[in-house]
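Below are the chains, spelled out letter by letter.
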Amino acid sequence: MTPSWRKWAVVPGLMAAVVVATALTASRAHAQTSAPAAADTTTKVNAPRGPWGYSGASSVQGYSPVQPIKFPHPVHVQQAKMNCQYCHFSANKSPDPGLPAVGTCMGCHQIVKTTSPEIQKLTKYWTDKKPVPWVRIHRVPKYVHFPHMRHVNAGVTCQNCHGQVQKMPQVFQYASLNMGWCVSCHVNGYDPAKGQEASGYTKSGNSWVLASTSLSSQPAGGLLVADAKAQAASPASAPLAAPIGLKKARYDCASCHY
Ligand code: HEC
Ligand code: HEC
Ligand code: HEC
Ligand code: HEC
Ligand code: HEC
């Protein structure tokens, strides 16, 4: 039988961990605000360990590296009407959402736009039998457990966490991915109506259609974050967001840290 003092010995240990977490987060936030010059994408791309301050932190909000092929999400999602999971094929069945193989691209690009220099780069990877070396943007540290399928199957929209990727000429990290961001949703609950609104799709009859917006008015970063905040604060959206059916999730330390 566990002596009762052992149960209580755990509590100061936990408190210490929380204090350490808070201190680390605070010192990183300070380091970030005092180094605005680091917002240069070229140095970020060349940084061997990515842009984050130390190996224990998530990747940085706003990070938007230049990719080896200028892959346009807007063209594929809005014009070619492709579903996110056509390419990110394992988002609903694995922790890792998956990136498309070159063969998936070539299914169309053996025929489509073959004279484009970007498609010729793609074709070279195909004939060389090499994967495209896409630069990874979003990453949580190794000690954090993040299962995509649990979120996707609970109905959390991709855009709720990644922003409206269908409007991004170059993908950037929309959310902070820090612990407070994860925990506040788990504690307060996910509101499907808000998530649907954040996705940029609206209901038309029985189907969801992309809310029409001008692509050219979308800058590569920044604005969408402000948009989301403005939307959340807007009283006009209040009737939509009835606080029923909020989806809560576990927030004990062990659910995210093994
Ligand atoms: C035609 C295939 C295709 C479709 C459809 C597609 N993607 Fe992607 N996605 C890619 C490729 C290739 C990359 C890597 C290059 C890049 O970052 O642009 C990528 C990158 C991403 C990233 C950044 C990954 C990282 O490294 O962190 C996110 C997030 C993402 N996609 C979300 C979405 C969402 C959301 C949708 C639907 C609205 C979508 N994608 C539809 C092919 C696709
Ligand atoms: C379902 C068919 C389809 C698939 C699969 C597909 N694409 Fe495309 N792609 C298109 C279409 C259609 C266009 C727009 C062509 C146009 O502008 O006339 C396009 C445009 C592009 C362009 C812009 C070319 C330019 O110069 O304007 C790039 C780059 C590209 N695709 C890369 C990719 C990559 C990389 C993949 C795999 C991750 C991929 N595509 C998968 C259909 C597809
Ligand atoms: C609850 C928030 C959340 C939702 C919902 C979500 N993601 Fe993610 N996504 C993340 C986080 C966090 C990471 C970093 C994960 C890691 O490092 O293990 C990530 C990483 C990715 C990556 C990069 C993975 C890689 O291997 O390069 C892609 C691509 C991606 N997400 C696409 C999607 C798509 C598509 C959807 C919807 C079907 C989606 N995500 C839904 C939070 C989310
Ligand atoms: C927008 C809301 C939201 C955000 C942000 C979010 N989650 Fe979740 N999370 C959920 C929901 C909803 C579930 C599903 C609960 C269920 O299946 O009952 C979930 C489930 C999980 C689970 C499975 C828990 C279990 O019951 O075993 C883990 C682990 C997890 N999330 C980790 C994370 C991490 C790590 C982050 C941040 C990087 C994160 N989540 C961000 C809403 C969110
Ligand atoms: C819903 C998921 C989730 C839960 C629950 C959670 N964490 Fe975290 N934790 C994270 C993520 C994501 C990070 C990466 C932090 C970053 O980059 O800011 C993190 C980072 C940390 C760090 C490193 C500090 C830092 O700023 O890098 C410590 C220590 C930590 N967590 C302790 C805890 C403790 C103790 C608990 C329980 C009270 C807990 N965590 C619960 C997701 C979670």
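Residues numbered from 1 in each chain as written. Chains lettered and ligands numbered in written order. Predicted model: local features only at pLDDT ≥ 70, side-chain atom pairs only at ≥ 80, totals over all residues.

### Quick word on the overall build of the chain
Alright, step 1. If you tally the helices and strands in the chain, you get 12 helices and two strands.
Alright, step 2. For the chain, the sequential pattern of α-helices and β-strands runs α-α-α-α-α-α-α-α-α-α-β-β-α-α.
Alright, step 3. Scored against the burial criterion, the 258 residues of the chain give a buried share of 13%.
Alright, step 4. Excluding contacts between residues fewer than 6 apart, the proportion of contacts in the chain whose partners are at least 24 apart in sequence is 73%. (Helix = DSSP H or I, 4+ residues; strand = E, 2+ residues; numbered from the N terminus. Buried ≥ 20, exposed ≤ 12 C-beta atoms within 10 Å, placed from the backbone. Contact = placed C-beta atoms within 7 Å.)

### Regarding the environment of K248
Alright, step 1. For K248, the location among the structural elements is in the loop between helix 11 (223–233) and helix 12 (253–256).
Alright, step 2. Given 11 C-beta atoms within 10 Å, K248 falls into the exposed group.

### Topic: the site of ligand 1
Alright, step 1. Taken together, the neighbourhood of ligand 1 is formed by 21 residues, with C84, C87, I137, H138 and C158 sitting nearest.
Alright, step 2. Among the secondary structure elements, those contributing two or more residues to the shell around ligand 1 are helix 3 (73–79), helix 4 (84–87) and helix 8 (158–162).
Alright, step 3. When grouped by side-chain class, the residues that make up the shell around ligand 1 number 13 nonpolar, seven polar and one charged. (Near = placed C-beta within 6 Å. Nonpolar A, V, L, I, M, F, W, Y, C, P; charged D, E, K, R; others polar.)

### A few points about the pairing of strand 2 (residues 207–210)
If a strand is regular, its side chains alternate between the two faces of the sheet.
Alright, step 1. Bridge count for strand 1 (residues 201–204) against strand 2 is four bridges, and the pairing is antiparallel. Across the sheet, Y201 pairs through a bridge with L210, a residue of strand 2. (Pairing = 2+ DSSP bridges.)

### A word on the packing of helix 5 (residues 102–109) against helix 6 (residues 117–127)
Alright, step 1. Packing of helix 5 against helix 6 leaves a shortest axis separation of 10 Å and a crossing angle of 130°. By the angle between their directions, the pair helix 5 and helix 6 is classed as oblique. Like other packed secondary-structure pairs, helix 5 and helix 6 cross with a definite hand, here left-handed. Across the interface between the two elements, V102, C105, M106 and H109 from helix 5 touch I119, L122, Y125 and W126 from helix 6. (Axes fitted to C-alpha atoms, helices over the stretch in contact; angles between N-to-C directions. Parallel < 35°, antiparallel > 145°, perpendicular 65-115°, else oblique. Left-handed = near helix turned anticlockwise from the far one by under 90°.)

### Focus on the environment of P141
Alright, step 1. Mapped onto the fold, P141 is located in the loop between helix 6 and helix 7 (148–153).
Alright, step 2. When the 14 C-beta atoms within 10 Å are taken as the criterion, P141 is described as partly exposed.
Alright, step 3. When the C-alpha atoms of P141 and A57 are compared, they prove to be 5.7 Å apart, with 84 residues separating the residues in sequence.

### Comments concerning the environment of K130
Alright, step 1. Relative to the helices and strands, K130 is located in the loop between helix 6 and helix 7.
Alright, step 2. Overall, the presence of 10 C-beta atoms within 10 Å leaves K130 in the exposed class.
Alright, step 3. Here the alpha-carbon distance between K130 and V102, two residues 28 residues apart in the chain, equals 8.2 Å.

### Focus: unusual backbone geometry
Alright, step 1. Unlike most non-glycine residues, K81 shows phi in positive territory, near 55°.
Alright, step 2. Its place among the elements puts K81 in the loop between helix 3 and helix 4.

### Quick notes on the confidence of the model for the chain
Alright, step 1. Averaged over all residues, the pLDDT of the chain equals 76, while 66% of them reach at least 70.
Alright, step 2. The weakest mean pLDDT in the chain belongs to helix 2 (residues 41–46) at 35; the strongest belongs to helix 6 at 98.
Alright, step 3. A low-confidence stretch, residues 213–242 (pLDDT under 50), is modelled with 26 contacts involving residues beyond four sequence positions or located in other chains. (pLDDT = per-residue confidence, 0-100.)

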